[in-house]
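These are the residues of each chain, in order.
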Amino acid sequence: MMYAFDGSSMDGDAYTDVVDLAHRAPSWLDSLVSAWSTYGLGVFAVLMLAAWWRARRAGPGPAVVALAVPLVVVLGYAANSVVKLLVREDRPCQSLHVVTLEACPAPGDWSFPSNHTAIAAAAAVALICVSRRIGYVALVAAGAMAASRVWIGAHYPHDVIAGFVVGALVASVTMIPLSSRPDTLARRLETTRLRPLLTASASAPQAVPERVGTPT
């Protein structure tokens, strides 16, 4: 038998309160939260693209930092998945036997920490290092993602809190050193095929200066 951790003793009461609230909420609200929980990560991809598009106009250094964001998100997801395998916490719908908005995952689909929240938090913190305005929008979206995962019944509150911490920590550890000295890496990448991604003018045709005719 595979060992599994039962996290219901930590905040199971808070979880059931949220699930009960979701059942009493209007159907349109449940549908909206469920849609955000399922597809909301796509918003972070759009924000990453927007941040890179703006950063490339500021020069190769900022563009390098922006290009690192997706890699940091993948790293955050990987770190969170490792923690999942180490802890192996059963989903709350399995331990508490409650009916949730989202179908209860099969045994072995571990709950702690929340992957969705870790990805969202890693993206938000990394984006703050590129653009504060975009990063703060992503931070609010990450909080909404965390809340939605509890609302639909997929996670305990402590699952999303831990996921947020893991994602934010991974992004901070990787992005802060990179954003302080991006120029060295930028100079190396400018000699590769990635050069068109580093500046707004790299792929644009250069303007040809007008020739001033000489008298004959």
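Note that this is a predicted model, so its numbers are computed, not measured.

Caption draft 1: Geometry of helix α4 (residues 60–87). Counted at 1.5 Å a residue, the expected span for α4 with its 28 residues is 40 Å, and the 41 Å between its end C-alpha atoms agrees. Downstream of α4 by a residue or two, R88 has a phi angle that is positive, lying close to 55°.

Caption draft 2: Representation of helix α7 (residues 132–151) in the model. Here α7 spans 28 Å end to end across 20 residues, near enough to the 28 Å set by a 1.5 Å rise per residue. Among the residues of α7, I134, G135, A138, A141, A142, M145, A146, S148, R149, V150 and W151 are the ones counted as buried. For α7, the elements touching its buried residues are α1 (8–24), α2 (27–39), α3 (41–58), α6 (115–128) and α8 (157–180). Looking one or two places after α7, you find G153, whose phi comes out positive at around 90°.

Caption draft 3: Broad picture of the nonpolar core. Formed by 27 residues in total, the largest nonpolar core has its most connected members in F44, V69, L127 and M175. Elements supplying a minimum of two residues to this core: α3, α4, α6, α7 and α8. Per-element tally for this core: the top contributor is α6, with 8 residues. Each residue touching L127, except ones within four places of it in the same chain, is listed here: L47, M48, A51, V69, I134, G135 and A138. Y15, C93, A146 and V150 belong to the second-largest nonpolar core, a separate cluster that totals 7 residues.

Caption draft 4: A look at the side chain of N115. Turning to its location among the elements, N115 is positioned in helix α6. Filtering out sequence-adjacent residues up to four positions away, N115 remains in contact with Y77, N80, S81 and K84.

Caption draft 5: Region of interest: the packing of aromatic side chains. One pass over the structure, following the stated rule, counts 2 aromatic pairs. Ring centres of W52 and W53 lie 5.7 Å apart, and the angle between their planes is 70°; on these two criteria the pair is classed as edge-to-face. When the ring centre of W53 is taken as origin, the NZ or CZ atom of R56, which lies over that ring, is 4.4 Å away.

Caption draft 6: A look at the confidence of the model for the protein. The share of residues in the protein with pLDDT of 70 or more is 83%, and the mean pLDDT across the chain is 85. Within the model, the stretch residues 202–216 combines pLDDT values under 50 with 5 contacts to residues more than four positions away or in other chains.

Caption draft 7: Representation of the pattern of salt bridges. On inspection of all chains with the given rule, the structure shows 2 salt bridges. Notably, a salt bridge pairs D109 with R91, separated by 2.9 Å at the nearest N-O pair. In this pair, D109 sits in the loop between α5 (92–96) and α6 while R91 sits in the loop between α4 and α5, placing the two residues 18 residues apart along the sequence. Residue D109 is classed as partly exposed on the basis of its relative accessible area, which comes to 35%. With a closest N to O distance of 3.7 Å, R149 and E102 form a salt bridge. Taken as a pair, R149 in helix α7 and E102 in the loop between α5 and α6 lie far apart in primary sequence, 47 residues in all.

Caption draft 8: Geometry of the state of the cysteines. Counted according to the given criterion, the structure contains 1 disulfide. C93 shares a disulfide with C104; S-S distance 2.2 Å. The chirality of the disulfide connecting C93 with C104 is right-handed, given an S-S dihedral of about 85°. With C93 in helix α5 and C104 in the loop between α5 and α6, this residue pair connects regions lying 11 residues apart in the sequence. Taking relative accessible area as the criterion, C93 reaches 5% and is therefore assigned buried. On the accessibility criterion, C104 (38% relative accessible area) is partly exposed.

Scoring rules and cut-offs
- Along each chain, residues carry numbers from 1 onward, in the same order as the chain's sequence is written.
- For this predicted model, a pLDDT threshold of at least 70 governs which residues receive local features, and a threshold of 80 or more governs which side-chain atom pairs are given and counted, while totals over whole chains, interfaces and linings are taken from all residues.
- Excluding hydrogens and water, the side-chain values take into account all heavy atoms of the structure.
- Numbering of helices and strands runs from the N terminus, with a helix taken as a DSSP run of H or I at least four residues long and a strand as a DSSP run of E at least two residues long.
- In this scheme, a helix's expected span is set at 1.5 Å multiplied by one less than its residue total.
- Remark: exposure states derive from per-residue accessible area (1.4 Å probe, protein chains only) relative to the maximum for the residue type, with buried under 20%, exposed over 50%, and partly exposed in between.
- When checking whether two residues touch, look at their non-hydrogen atoms; a contact exists if any pair is within 4.5 Å.
- Here, nonpolar core means buried Ala, Val, Leu, Ile, Met, Phe, Trp, Tyr and Cys residues that are tied together by side-chain atoms lying within 4.5 Å of each other.
- Ring geometry is summarised as follows: Phe, Tyr and Trp rings, the Trp one being its six-membered ring, pair when their centres sit within 6.5 Å, and such pairs are stacked at plane angles under 30 degrees, edge-to-face over 60 and tilted between the two.
- Charges are assigned to positions over rings by a cutoff of 6 Å between ring centre and Lys NZ or Arg CZ, combined with an angular limit of 35 degrees from the ring normal.
- Confidence of the predictor at the level of single residues is given by pLDDT, which spans 0 to 100.
- Salt bridges are defined by distance alone: a side-chain nitrogen of Lys or Arg within 4 Å of a carboxyl oxygen of Asp or Glu.
- The criterion for a disulfide is a pair of cysteine sulfur atoms lying within 2.5 Å.

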